[in-house]
Amino acid sequence: MKIATILGTRPEIIKMAPIIDEISKRDINQVVIHTGQHYDKEMSDDFFRDLEIPTPDYNIHVGSGTHGKQTGLMMKGIEEVLLEEKPDIVLVQGDTNAVLAGALVASKLHIAIGHVEAGLRSFDMTMPEELNRRVADVATTMYFIPTEQSAINLLAEGFSHKNLFITGNTVVDACFRHLEIAKKRGFENEALAGLDIDNLDNILTLTMHRAENVDVKERVVNIIGALKELSDMNIIFPIHPRTKNTLENFGLFDELNDLEHVHIIKPLGYLDFLLLTSKSTLILTDSGGLQEEAITLDVPALTLRYNTERPETVTAGGNILVGSDKEAILENARGILSDNEFADKMKNAVNPYGQGDSAKLTVDAIEDYYNKGLLNIEAPEDIMDSFTRKMASINEDITVSEFEESKNALIHMIFDGDKMRFPFGDLNLNGMMITYDEK
Ligand code: UD1
Ligand code: UDP
């Protein structure tokens, strides 16, 4: 079997590293394709070093640009590699332009696609990421889904539960493994060493890069307004290159950098950043990955967004959406700093993203599909004989597996009162309403 993995930005490198590592331990050929969307040393090379994975086999060097140009160049480059390498499955991760480009190209070549971190939805179609993840899911063969909530999003869009694998998120694998390494090694970054981080209290780690925040002056001004007033915190801000550019263009960089309690530094390597996160009193962020890492490391998070495709972090109690609302940022940050009960409740939120075995579960599922011939994408030869989806109210003790076997059917949706459920094989359907297809 041959697996091609596509990645292109910092979070994709981090979250695919455990899977690349897992594949390399097995009797599987692998090809890693870097789109080159992130290219600065601090946004790319440093992560291959920190996560101890080999340099990619291919780099398409798309660089920065408009979405159309970037995605188009990626499609051209990825197609050339896939035609040459002929993998059995292509893996894409998350919601960047690489996911869109990789999924479109692979599906047109009739190559199976595995979408790692599938099923997330913010329901905000102005986000480029929401479009990318939705389009990729239309083309995907195997869905590797972090939580039951995300799986239900896919069921609601009509995808068969047979191809949905709830694996947790590989960010937990990366986090657990590398935090230990980071703790043994200590901080290496010079800027952090200069700040004597080990002896600082009240650390607020800030990251932001999302277009809908950093490209809108009013939102940046509101957020900076809150940062100014949080002078009892030590704010560490490893700045994303996009954000550095826009702060400079808005003429706001110096104003923020001049504040004594705000330390703007270059983007950090993964080990330094994990260690910093683990020592933080609170995280202020619009990052997707950081919402997950914060709850994994028991650090309260305030998310600078009005919606999130990670609602589990909010319902678990570890994350609060504050938008770019100055008062909401201040009130919640001060609550975490001064109200122990409030802070402890956030810290004790249960991590919904699994135990750190997500890469293993993912590669196990791929091997199983490969061995059963299910990665071959072929046109159907059975004449379609079922034209309607059926509904039923179940009033007997019968599990999902028993129902599907006895009726030769596939269940789509399950309503348990006003709650939707995932069709786990051993779920007893008694008292529930279902929709299903007879095969
Ligand atoms: C991209 C992803 C986003 C992800 C983020 C992770 C898309 C649509 N966006 O956003 O989902 O959360 O990566 O960080 O795929 N730049 C550099 N050096 C680099 C990379 C970027 O200077 O190595 C600057 C360039 O000015 C570029 C800007 O940052 O125009 C934005 O980079 P881009 O990759 O287009 O989007 P991100 O905001 O990084
Ligand atoms: N990260 C890092 N150094 C930094 C900032 C973030 O290593 O200076 C890591 C962080 O641990 C997380 C990931 O980058 O795993 C998040 O990436 P980003 O916020 O760029 O993208 P998103 O997750 O929002 O797509």
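Remember, predicted model here, so these are calculated numbers, not experimental data. (Residues numbered from 1 in each chain as written. Chains lettered and ligands numbered in written order. Predicted model: local features only at pLDDT ≥ 70, side-chain atom pairs only at ≥ 80, totals over all residues. Heavy atoms only, no water.)

J.: In this structure, what is going on with the overall build of the protein? I would like to understand it.
T.: Looking only at helices and strands, the protein has 19 helices and 17 strands in total. Taking 2.2 N^0.38 as the reference for a compact globule, 439 residues should give roughly 22 Å; the C-alpha atoms of the protein span a radius of gyration of 23 Å, in line with that estimate. If one aligns the C-alpha atoms of the protein with their principal axes, the spans along those axes are about 70 × 50 × 40 Å. Residue pairs in contact within the protein that sit at least 24 positions apart in sequence constitute 71% of those at least 6 positions apart. When the accessible surface of the protein is totalled, it reaches about 19300 Å², and 48% of it is carbon and sulfur. For the protein, the distance from the average site of its 41 positive side-chain charges to the average site of its 72 negative ones is 2 Å. (Helix = DSSP H or I, 4+ residues; strand = E, 2+ residues; numbered from the N terminus. Rg over C-alpha atoms; globule rule 2.2 N^0.38 Å. Contact = heavy atoms within 4.5 Å. Areas by Shrake-Rupley, 256 points an atom, 1.4 Å probe, with all protein chains shown as cover. Lys, Arg positive; Asp, Glu negative; His and termini not counted. Charge placed at Lys NZ, Arg CZ, Asp CG, Glu CD.)

J.: What is the right way to read the packing of helix H16 (residues 326-338) against helix H17 (residues 340-347) from this model?
T.: Each pair of packed helices gets described by two things: the angle between the helix axes and the distance between those axes. Packing of H16 against H17 leaves a shortest axis separation of 6 Å and a crossing angle of 95 degrees. The pairing of H16 with H17 is recorded here as roughly perpendicular in orientation. Note on element contacts: H17 touches H16 through Asn340, Phe342, Ala343 and Met346, opposite Asn332, Gly335, Ile336 and Ser338. (Axes fitted to C-alpha atoms, helices over the stretch in contact; angles between N-to-C directions. Parallel < 35°, antiparallel > 145°, perpendicular 65-115°, else oblique.)

J.: Mind showing me how you'd approach empty space enclosed by the protein here?
T.: A probe matching the size of a water molecule, rolled over the atoms, marks out where space remains unfilled. Across all of its chains, the model carries one cavity of 30 Å³ or more by this definition. Roughly 40 Å³ of internal volume is contained in the largest cavity. Taken together, the residues of the lining of the largest cavity sort by class into three nonpolar, six polar and one charged. (1 Å grid on protein atoms, 1.4 Å probe; cavity = no way out; pocket = protein on both sides within 12 Å on 5 of 7 lines; lining within 4 Å. Points joined across faces, edges and corners; volume = space filled by probe spheres on them. Nonpolar A, V, L, I, M, F, W, Y, C, P; charged D, E, K, R; others polar.)

J.: What's the story with helix H3 (residues 67-85) in this structure? I'm lost.
T.: Along an α-helix, residues three or four apart share an orientation, since each turn contains 3.6 residues. The first and last C-alpha atoms of H3 sit 26 Å apart over 19 residues, in line with the 27 Å expected at 1.5 Å per residue. All of the buried residues along H3 are Gln70, Thr71, Met74, Gly77, Ile78, Val81, Leu82 and Glu85. What you see down the axis of H3 is that its buried residues fit within an arc of 140 degrees, all on one side. Residues of H3 that are exposed and point more than 90 degrees away from the buried face comprise Gly68, Lys69, Lys76 and Glu84. The inward-facing, buried residues of H3 contact strand S1 (2-7), strand S2 (29-34), strand S3 (58-59), strand S4 (89-93) and helix H4 (97-108). At the C-terminal side of H3, Lys86 shows a positive phi close to 45 degrees. (Expected span 1.5 Å × (residues − 1). Buried < 20%, exposed > 50% of the residue type's maximum accessible area, 1.4 Å probe, protein only. Arc of directions from axis to C-beta.)

J.: Sorry, what's going on with the sheet that holds strand S10 (residues 262-265) here?
T.: Pairing in this open sheet of six strands is parallel, and the strands run S10-S9-S8-S11-S12-S13 from one edge to the other. What marks the edges here is a single partner per strand, and that holds for S10 and strand S13 (319-321). Pairwise comparison of adjacent strand axes, ignoring direction, gives a mean angle of 20 degrees for this sheet. Here strand S11 (residues 282-285) pairs with strand S12 (residues 301-303) via three bridges, running parallel. Counted as the bridge partner of Ile283 is Ala301 from S12. Relative to strand S8 (residues 203-207), helix H13 (residues 270-278) is tilted by about 135 degrees, and along the sheet it contacts S8, strand S9 (234-238) and S11. (Pairing = 2+ DSSP bridges.)

J.: Mind showing me how you'd approach the layout of surface pockets here?
T.: In this structure, the second largest pocket occupies an estimated 970 Å³ of space. What lines the second largest pocket is a set of 26 residues, and nearest its centre among them are Ser160, Lys162, Asn163, Glu378 and Pro380. Taken together, the residues that form the lining of the second largest pocket break down as 10 nonpolar, eight polar and eight charged.

J.: Sorry, what's going on with the environment of Ile295 here?
T.: Assignment of secondary structure puts Ile295 in helix H14 (residues 288-296). With a relative accessible area of 3%, Ile295 lands in the buried category. Considering only alpha carbons, one finds Ile295 and Asn351, 56 residues apart in sequence, at a separation of 5.5 Å.

J.: Honestly, the nonpolar core in this entry has me stumped. Any pointers?
T.: Grouped together as the largest cluster of nonpolar side chains are 52 residues, with contacts concentrated most on Leu51, Leu91, Met142 and Ile366. For this core, the element with the highest residue contribution is helix H1 (residues 10-24), accounting for seven residues. If we skip the residues at most four places from it in the chain, Met142 touches Ile89, Ile113, Gly114, His115, Asn163, Phe165, Ala365, Ile366, Tyr369 and Leu375. Ranked by size, the runner-up nonpolar core spans 33 residues in total, among them Leu230, Val262, Ile264 and Leu304. (Core = buried A, V, L, I, M, F, W, Y, C linked by side-chain atoms within 4.5 Å.)

J.: Please explain the side chain of Thr246 as it appears in this structure.
T.: Inspection of the secondary structure assignment puts Thr246 in helix H11 (residues 241-249). On the basis of relative accessibility, which here comes to 13%, the residue Thr246 falls in the buried class. The contacts of Thr246, once residues within four sequence positions are left out, are Val214 and Asp215.

J.: Before we go on, may I ask you to explain the pairing of strand S6 (residues 142-145) in this structure?
T.: Walk down a regular strand and you will see the side chains alternate between the two sheet faces. Taking every second residue as pointing to the same face, both faces of S6 are buried, with Met142 and Phe144 on one and Tyr143 and Ile145 on the other. Two strands pair when backbone bridges link them, and strand S5 (residues 112-116) and S6 are joined in this way by three bridges, in the parallel orientation. What sits directly across from Val116, in S6, is Phe144. Where the polypeptide runs from S5 across helix H5 (residues 128-139) and back to S6, its parallel neighbour, the crossover connection is right-handed. (Right-handed = clockwise from strand over helix to strand, strands pointing away.)

J.: Explanation requested: the site of ligand 1 in the structure shown.
T.: Within the structure, ligand 1 sits among 20 residues, and His38, Tyr39, Asp40, Glu129 and Arg242 are positioned closest to it. In the environment of ligand 1, an oxygen atom lies 3.0 Å from a nitrogen or oxygen atom belonging to the side chain of Gln37. Contacts to ligand 1 include Asp40, whose backbone N or O atom sits 2.9 Å from an oxygen atom. Here ligand 1 has 750 Å² of accessible area as a free molecule, and 87% of this is covered by the chains. If you tally residues by element for the shell around ligand 1, the top one is H11, at three residues. A class-by-class count of the residues in the shell around ligand 1 yields four nonpolar, 11 polar and five charged. (Near = heavy atom within 4 Å. Polar contact = N/O pair within 3.5 Å; in protein donor to acceptor, adjacent residues only side chain to side chain.)

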